[in-house]
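Per-entry structural report
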Amino acid sequence: MSPGAGDDTGDLVVEARDLQLRFGGVTSLDGVSLRQRRGEILAVIGPNGAGKTSLFNCLTGAYRPQHGSVTFWPSSGRPAELVGRRPHAITRLGVARTFQNIRLFPALSALENVQIGTEVRQRYGAVSAILGLPHARRAERDGVRRAGELLDLVGLGHRTHELAASLPYGEQRRLEIARALGTGPGLLLLDEPAAGTNPAEKRDLAALITRISGTGVSVLLIEHDMTLVMSLATSVTVLNFGRVIAHGTPGEVQRNPAVIEAYLGVADTTGDAAPAGGVDAGTRKELR
Amino acid sequence: MSAPNVPGQPSPANPGDQPDPVRGVPAGAAPDADTMALRRPPAQSGAARPAGANPTDGPAPPPRSPAGDSAAVGRGAPAGGVAPGGRSPWHPAMLFTPARLRQLGALVLVGLLAAVVTGPTGNSDEPLQAAWDSIADPRIVLFLILAVALWVVLVLWAELRGVLTRLTAPVRAPVGAAYGRRGAPIVLNVVLLAIAIIAPQVVSTAAQQSMVTDIGIYALLALGLNVVVGYAGLLDLGYIAFFAIGAYTTAYFTSQSAMPWHAPFTLNPFFVFPIALVLAALAGVILGAPTLRLRGDYLAIVTLGFGEIIHLVANNADGITNGARGAFGVPHLSVHLLGLDYTWGIDPKPYYYLLLAIVVLVMIAFGRLERSRIGRAWAAIREDEVAAEATGVATLRLKLLAFAIGASVSGFAGVMFASKQFFNPQSFSLQASFFVVAVVIFGGMGSRLGVVVGAVVLQGLAFYLRDKVEPADRYIYFGAVIVIMMIFRPQGLVPSRRRRREIELSEAGIGSADSLGSAPAGGRP
Amino acid sequence: MGFLDQFWQLTIDGLMVGSLYAVIALGYTLVYGVLQLINFAHSEVFMLGSFGGLFVARALLPGDGSVPGGLESVGLVAIGLGAGAICGGLAALTLERVAYRPLRRRSAPRLAYLISAIGASLFAVNLAGKEFGRQNVDLPDLFHNGTVFKLFGADVSTQSLVIFAVAIAMLVGLDRLVAGTRLGQGIRAVAQDADTAVLMGVDVERIIIVTFIVGGLLAGAGGFLYAMTFNASYSMGFVPGVKAFTAAVLGGIGNVRGAMLGGLLLGLVESYGGYLFQASYKDVIAFLVLVAILMIRPSGLLGERLGRAA
Ligand SMILES: Nc1ncnc2c1ncn2[C@@H]1O[C@H](COP(=O)(O)OP(=O)(O)O)[C@@H](O)[C@H]1O
Ligand SMILES: [Mg+2]
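Bear in mind that the values here come from a model prediction, so they are computed numbers and not experimental data. Along each chain, residues carry numbers from 1 onward, in the same order as the chain's sequence is written. Each chain gets a letter, beginning with A, and each ligand a number, beginning with 1, in the order they are written. Only residues with pLDDT of at least 70 get local features here, since the model is predicted, and only at 80 or more are side-chain atom pairs given and counted; chain-wide, interface and lining totals rely on the full set of residues. Only heavy atoms go into the side-chain values, all of them from the structure, while hydrogens and water stay out.

1. Here we look at the overall build of chain A
- Secondary structure summary: chain A contains 11 helices and 10 strands in total.
- We call two residues in contact when some of their heavy atoms are within 4.5 Å. Taking all contacts inside chain A whose residues are at least 6 apart in sequence as the whole, residues at least 24 apart take part in 66%.
- Total accessible area on chain A is roughly 10,400 Å²; 52% of this is exposed by carbon and sulfur atoms. The secondary structure listing takes helices from DSSP runs of H or I that are at least 4 residues long and strands from runs of E that are at least 2 residues long, numbered from the N terminus. Using a 1.4 Å probe, the Shrake-Rupley method yields the accessible areas, and only the shown protein chains count as cover for residues.

Pasting the structure below:
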């Protein structure tokens, strides 16, 4: 019973095949393949430096892998090859992302940050904007309204006109999610969205992700917190040293010896020095 | 972001999330939590984190204070490196700290330099004579006094500012309140417009009146360059080349005699506006499309070369452009339409009013552009290009758009310029490009009102210096203006609020303020 | 006469000029290496060094207009080079202090550095024009310039030999400096990764300053060679500056050996091209080369980055 590995591609939303990514001597991805079904929440876990973010970067066009391909099935229209496309084109196809180290537009307001996302699908150009043509004005109004809705969705309705840089950390994370949602994605990639948030914020985040998933958006999630992964993910892919070492339901993965080895192999022998951070202590416990 | 891919070497397009290979820990080899602590942003609350996370990795924690609150973010200290002191009680000994004395030394040097700059002109037979004469002149006392006075002001700045704040408080509060009121900016704009309308009536001599039209031309040029520098965060050093394209296009189409090379028919200059606009934009696209995909500073040097080539051709191609003699006899602008018959003649005033109308229209147009999705996308590109791409902004196309819009405004201004009847390639030198850059920087990049003010002040300075120094020597002052602004007031005289915030935030390590890539490496002193 | 008849002469001339480009290009490449920044005012460092060397050498020439010979010539060239280098070094130091350091201190955005450098360049060019006049300034001959020997039928003049020898000596010296000394190690460390260099105890601030100075010394000495061959003028920096920059990009900006290779190649291309097309458009060739490289291989022939160069 390996979910997501069914042979019919009919309900897949994304499939990566044999991705290889090298930086000089460092191999970040070494033949990574991955499948995600539409509507599914797939978690990618793995130790730091395993290549999770690199995988995201390959999926979103920020990096171009030396080898391999990525197919994306938009909610409407024909499947598209992502490798070789520029990031903005991939976003327009319906793959949105957040960054591990939050990257907002710091001097723009929360609303404007999200607006930029919503404007991906707008078509009016410079001339219409200058002349203030009706369709441009309408698009503008729609963008503002949609952005406002999304801010409400992530619980930032009260922050509309504040600068992104002035928001507290946890809110910046949610703002980034709202901005990504603004682009109207079929697939949302979240890179450690819970990093640096407190338990209450984590619960809110889990609820938010569930809600997003409920609107039909497939979510691909990098996360270290196993509690969160267990409560959210339909299936889990584990990376280590740039390879997929396991795939399955959260339960299966948790019992997988290779996974336990990957997480504990070195850390165990070095003893207690390692996991000062709460997250990893948690990860470890859960994995046992 | 996209250096084309060299095989076997993925473009490090998005280093944001990634450590460099030299400092990256081999994947998985090290205990997870250790490396994670290096990468994770420090937690704001909740789970305990190892203290003292590595300062080089991870983002700076976001500031809690509203970023508009500028004073908090690292402002450069004045030349000596001493930040105006805190609230500590003042004491004469404070004047003679090493840093203060260094500051004084620097100011004295600047005073000497200023004396040389304003002193007599030299020649190569006695290369240092002029500089010596400037320094060994009684005038030097004045410069030294000024330097010391400036030093005293800087030293006492904290106190002075306190006094000033107290003195002006009764005035500033109501003015601030009035300005904050709805519609106040409109009132301000109307007042400024009224001044602009009255100005040529007040200035008397013909020379002054022609200066006023020059201001108009440069204001237009600056508004165009502002789209490139201020909105898209790029640098175009060959900007004046498009101006030249506009001017020569006009000569080509409107006159059989202005240049050896001309169209088989003649057009009214008004019809040349669209042609020049399109040609200049096209030239901009041809130049920008291949260059813009590279690192941003290459654009600067490629445009520099382009500007120089256009100037070279204009100056040397006697058989086409009439070479250094320039084009003479381009007809004035005129309207013959529906019984309306009007020609803009020798009198610069009607010409000025036409320019004023155009400048105002362009300001309104670019204001709308700035507030549209396109303006927001430009802001996104400046502040974080990688995030902008990931949010679906076609960064390349938008940069190209800015570049083309800038070029077309420049071409448009070229038509205005040419239809004053006479021009020669001197007006299209590299230095003229730099002058427009100076105008934008001085006024405030990204600020429409700012760049127009910049044009007024710097063109005014140019005019003032006209009888005092050699024409070419004026560029010494413009160069100094650029450097001084960059050191002390990078946001310009009348800053755009957003641009100022971007500069402050980027200097505090949050986001960026241009689209040339990450800030230069190297430690802070 | 056909191109082939002229081939060797053009080659020799091209190498001579190219070695000058290489010397100037090193300044761009070094600064680029440590700051990832095009030093737009480097051409003015070259110009000021050129004037410095020229004025000092001219002051030491015998007043009667006779051409010195023998050791006297050697001494004059050496002093001129030294004076040029010192002026160049001082100019670069001042430039760094005034136009760059205040911006570095507050980590200004990149655009600010470019603009500041342009302002400094505008200032320096026109101040030089004001102080030294706006005509070309010639340096009287410092030695008898004759044909030393013939190479494949082409004349190799004393002048081209001197320039080539000095330039190559400087290039080799710099290469040794970067590859083989502690200072060079520091420069490479900063070029690789300034943040890590700080952690490893490298004084980045000092390295940056020294890098500017080294680039300035080279450009100043190169400026003197240039003035010896052609002449000096307040606006002389621009064209060689753009060409040297092209050379740096051609070789791979940030790459020391690349800059050398790029300079020599560009000199050759220009020399051949100037013969085949038209001498007055010679300057356009360099620009076209620049655009072509940027289009085809922006990382240059040897690839970017100082860290990898040696
Ligand atoms: N731009 C880059 N340059 C060099 N090495 C990189 C780059 N991006 C990723 N890597 C390397 O790839 C490996 C995987 O990194 P990453 O994908 O960030 O891991 P994770 O997100 O799982 O923690 C690391 O060893 C890292 O050093
Ligand atoms: Mg990661």
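2. Here we look at a positive patch on the surface
- Side chains of Arg137, Arg138 and Arg141 of chain A together with Arg368 and Arg371 of chain B sit close together on the surface and give a patch of like positive charge.
- Take the positive patch: its biggest share by element is 3 residues, from helix α5 (residues 134–153) of chain A.
- Here arginine 137 of chain A lies in helix α5. Exposure above 30% relative accessible area and no salt bridge define the residues that can form patches, which grow by joining like charges within 9 Å and nonpolar side chains of Val, Leu, Ile, Met, Phe, Trp and Tyr within 5 Å. The rule for a salt bridge is simple: a side-chain nitrogen of Lys or Arg has to be within 4 Å of a carboxyl oxygen of Asp or Glu. Neither His nor the chain termini are counted; the positive set is Lys and Arg, and the negative set is Asp and Glu. Charged groups are reduced to one reference atom each: NZ for lysine, CZ for arginine, CG for aspartic acid, CD for glutamic acid.

3. Points about the coordination of the magnesium ion (ligand 2)
Residues and elements named next belong to chain A.
- Nitrogen, oxygen and sulfur within 2.8 Å of a metal are treated as its donors, or within 3.2 Å for sodium, potassium and calcium (Na, K, Ca); water is not counted, so a site can appear incomplete. Around the magnesium ion (ligand 2), the protein contributes the donor atoms Thr53 (OG1) and Gln100 (OE1), which lie 2.0 to 2.2 Å from the metal centre. Of the two residues, threonine 53 is situated in helix α1 (residues 52–59) and glutamine 100 in the loop between β6 (95–97) and α3 (110–118); the sequence distance between them amounts to 47 residues.
- The buried label goes to any residue with under 20% of its type's maximum accessible area, the exposed label to any with over 50%, and the partly exposed label to all in between, with areas taken from a 1.4 Å probe on protein chains only. Residue classification places glutamine 100 among the buried positions, given a relative accessible area of 4%.

4. A short note on the sheet that holds strand β3 (residues 41–45) of chain A
Residue and element names in this part refer to chain A.
- Spatial ordering of the open sheet is given by β6-β7-β8-β3-β9-β10, a layout of 6 strands whose pairing is mixed. Looking at strand neighbours, the two that pair on one side only are β6 and β10 (243–248), the edges of this open sheet. Here the strands of the sheet are splayed against their neighbours by 20° on average, with no regard to which way each runs.
- Running over the sheet, α1 touches β3, β6, β7 (187–191), β8 (218–222) and β9 (235–240) and is turned about 145° from β8.
- Whenever a helix is involved, its axis is fitted only over the stretch in contact; in every case the axis is a line through C-alpha atoms, and angles between N-to-C directions fall within 0 to 180 degrees. Packed on one face of the sheet, helix α6 (residues 169–182) meets β6 and β7 and runs near 160° to β7. At least two DSSP bridges between two strands are required for those strands to pair.

5. Side note on the pattern of salt bridges
Residue and element names in this part refer to chain A.
- For the structure on display, the rule yields 32 salt bridges over all chains.
- Between glutamate 176 and arginine 179 there is a salt bridge; the shortest N-O distance is 3.8 Å. Residue glutamate 176 and its partner arginine 179 are both found in helix α6; the two are separated by 3 residues, about one turn of the helix. An identical accessibility class is assigned to glutamate 176 and arginine 179; each is buried.

6. Observations concerning the side chain of threonine 71 of chain A
Residue and element names in this part refer to chain A.
- In this fold, threonine 71 is placed in strand β4 (residues 67–72).
- Side chain to side chain, threonine 71 and arginine 17 meet in a polar contact 2.7 Å long.
- Beyond its immediate chain neighbours, meaning those up to four positions away, threonine 71 contacts Val13, Val14, Glu15, Arg17, Pro79, Ala80 and Glu81. The definition of a polar contact used here is a pair of N or O atoms within 3.5 Å, where within protein one atom must be able to donate a hydrogen and the other to accept one, and adjacent residues in sequence count solely through side-chain atom pairs.

7. A closer look at the environment of leucine 189 of chain A
Residues and elements named next belong to chain A.
- With respect to the helices, strands and loops of the structure, leucine 189 is situated in strand β7.
- Once the C-alpha coordinates of leucine 189 and leucine 221 are considered, the two residues, 32 residues apart in sequence, prove to be 5.9 Å apart.
- Those residues in contact with leucine 189, other than ones at most four positions away along the chain, are Phe56, Leu59, Thr60, Val95, Ala96, Arg97, Thr98 and Leu220.

8. Here we look at the domain arrangement of chain A
Residue and element names in this part refer to chain A.
- Taken as a whole, chain A is organised into domain 1 (1–94 + 185–288) and domain 2 (104–182).
- Between domain 1 and domain 2, the contact holds 17 residues from the first and 12 residues from the second.
- Carbon and sulfur atoms supply 66% of the area that domain 1 and domain 2 bury against each other, a total of about 1,200 Å² over both sides.
- The term buried area refers to how much accessible surface (probe radius 1.4 Å) is lost by two components on association, counted for both of them together. Considering only the side of domain 1, the residues that lose the most area to domain 2 are Arg92, Pro185 and Leu208, jointly responsible for 37% of the buried surface there.
- Where domain 1 meets domain 2, there are 0 salt bridges.
- Taken together, the elements giving at least two residues each to the side of domain 1 that touches domain 2 come down to α2 (87–93), β7 and α7 (199–214).
- Classifying every residue of the side of domain 1 that touches domain 2 gives 8 nonpolar, 4 polar and 5 charged. Source of the domain bounds: an automatic or database domain assignment. For this classification, Asp, Glu, Lys and Arg are treated as charged, while Ala, Val, Leu, Ile, Met, Phe, Trp, Tyr, Cys and Pro are nonpolar and the rest, including Gly, are polar.

9. Let's talk about the sheet that holds strand β1 (residues 12–23) of chain A
All names here are of chain A.
- Read from one edge of the open sheet, 4 strands run β2-β1-β4-β5, paired in antiparallel fashion. Bordering the open sheet on either side are β2 (26–37) and β5 (80–81), each of which pairs with just one other strand.
- Relative to the sheet, α1 contacts β1, β2 and β4, its axis offset from that of β2 by approximately 65°.

10. Observations regarding the nonpolar core
- Here, nonpolar core refers to any group of buried Ala, Val, Leu, Ile, Met, Phe, Trp, Tyr and Cys residues whose side-chain atoms link them within 4.5 Å. Counting 231 residues, the largest nonpolar core has Phe242, Trp378 and Phe423 of chain B together with Phe40 and Leu142 of chain C as its most contacted members.
- Of the residues forming this core, the biggest block, 15 residues, is contributed by helix α1 (residues 3–35) of chain C.
- The contacts of phenylalanine 242 of chain B, once residues within four sequence positions are left out, are Asp236, Ala280, Ala283, Gly284, Leu287, Phe306, Phe403, Ala407, Ser410 and Gly411 of chain B.
- Counting residues in each nonpolar core, the second largest holds 33 residues, with Leu104, Ala147, Leu181 and Leu228 of chain A among its members.

11. Quick look at helix α9 (residues 238–251) of chain C
Residues and elements named next belong to chain C.
- Any helix carries an expected span of 1.5 Å times its number of residues minus one. Between its first and last C-alpha, α9 extends 20 Å over 14 residues, near the 20 Å set by a 1.5 Å rise per residue.
- Across the 14 residues of α9, 13 count as buried, placing the element largely inside the fold.
- In the segment just after α9, glycine 252 is the residue with positive phi, at about 115°.

12. Let's talk about the interface of chain C and chain B
- Taken residue by residue, the interface counts 64 residues in chain C and 75 residues in chain B.
- Contact between chain C and chain B buries roughly 6,200 Å² in total, counting both sides, with carbon and sulfur atoms accounting for 69%.
- Looking only at chain C, the three residues that lose the most surface to chain B are Arg106, Arg110 and Lys130 of chain C, adding up to 13% of its buried area.
- At the boundary of chain C and chain B, one finds 2 salt bridges.
- Arginine 106 of chain C is the salt-bridge partner of glutamate 507 of chain B, the closest N and O atoms lying 2.6 Å from each other.
- Counting only elements with at least two residues in the side of chain C that touches chain B, the list comes to α1, α2 (42–60), α3 (70–105), α4 (110–132), α7 (194–199), α8 (204–229), α9 and α11 (282–296) of chain C.
- For the side of chain C that touches chain B, the leading source of residues is α4 of chain C, giving 18 residues.
- Each residue belonging to the side of chain C that touches chain B can be placed in one class, and the counts come to 41 nonpolar, 9 polar and 14 charged.

13. Here's the deal with the environment of alanine 438 of chain B
Residues and elements named next belong to chain B.
- Relative to the assigned elements, alanine 438 resides in helix α16 (residues 430–443).
- For alanine 438, a relative accessible area of 1% translates into the label buried.
- For the pair formed by alanine 438 and valine 116, sequence separation is 322 residues and the distance between their alpha carbons is 22 Å.
- The residues contacting alanine 438, other than those within four sequence positions of it, are Leu458, Phe478 and Ile482.

14. Considerations on the packing of helix α5 (residues 158–180) of chain C against helix α10 (residues 256–276) of chain C
Residues and elements named next belong to chain C.
- Relative orientation of the contacting elements α5 and α10 amounts to 160°, with a least axis distance of 10 Å. Judged on the interaxial angle alone, α10 and α5 are roughly antiparallel. Two packed elements cross with a definite hand, and for α5 against α10 that hand is left-handed. Between α5 and α10, the residues in contact are Phe164, Leu171, Leu174, Asp175, Arg176 and Val178 and Val256, Arg257, Met260 and Leu264, respectively.
- Taken together, the residues of the contact of α5 with α10 sort by class into 7 nonpolar, no polar and 3 charged. Reported orientations rely on four angle classes, namely roughly parallel under 35 degrees, roughly antiparallel over 145, roughly perpendicular from 65 to 115, and oblique for the rest. Here a crossing is taken to be left-handed if its near helix is turned anticlockwise relative to the far helix by less than a right angle, and right-handed if that turn runs clockwise.

15. Comments concerning the packing of aromatic side chains
- Pairs were defined over the aromatic rings of Phe, Tyr and Trp, the Trp ring being its six-membered one, requiring ring centres within 6.5 Å. Orientation was assigned from the angle between planes: stacked under 30 degrees, edge-to-face over 60, tilted for the rest. Per the stated rule, a full pass over the model turns up 32 aromatic pairs over all chains.
- Look at phenylalanine 417 of chain B and phenylalanine 428 of chain B: their rings are 6.2 Å apart centre to centre, the planes differ by 75°, and that puts the pair in the edge-to-face class. Note that phenylalanine 417 of chain B is positioned in helix α15 (residues 395–418) and phenylalanine 428 of chain B in the loop between β4 (422–423) and α16, a separation of 11 residues in sequence. Here phenylalanine 417 of chain B matches phenylalanine 428 of chain B in class, with each residue buried.
- The interplanar angle of 50° and the centroid separation of 4.7 Å between the aromatic rings of phenylalanine 51 of chain C and phenylalanine 132 of chain C together place this pair among those described as tilted. Of this pair, phenylalanine 51 of chain C sits in helix α2 while phenylalanine 132 of chain C is found in helix α4, placing the two residues 81 residues apart along the sequence.
- With a relative accessible area of 1%, phenylalanine 51 of chain C lands in the buried category.
- You can call phenylalanine 132 of chain C buried: its relative accessible area is 12%.
- Put simply, the rings of Phe243, Tyr248, Phe417, Phe423 and Phe428 of chain B pair up and form one aromatic cluster.
- Charges are assigned to positions over rings by a cutoff of 6 Å between ring centre and Lys NZ or Arg CZ, combined with an angular limit of 35 degrees from the ring normal. Above the face of the phenylalanine 105 of chain A ring, arginine 179 of chain A is positioned so that its terminal group lies 4.7 Å from the ring centre.
- One cation-aromatic arrangement involves arginine 134 of chain C over tyrosine 234 of chain C; the distance from NZ or CZ to the ring centre is 4.8 Å.

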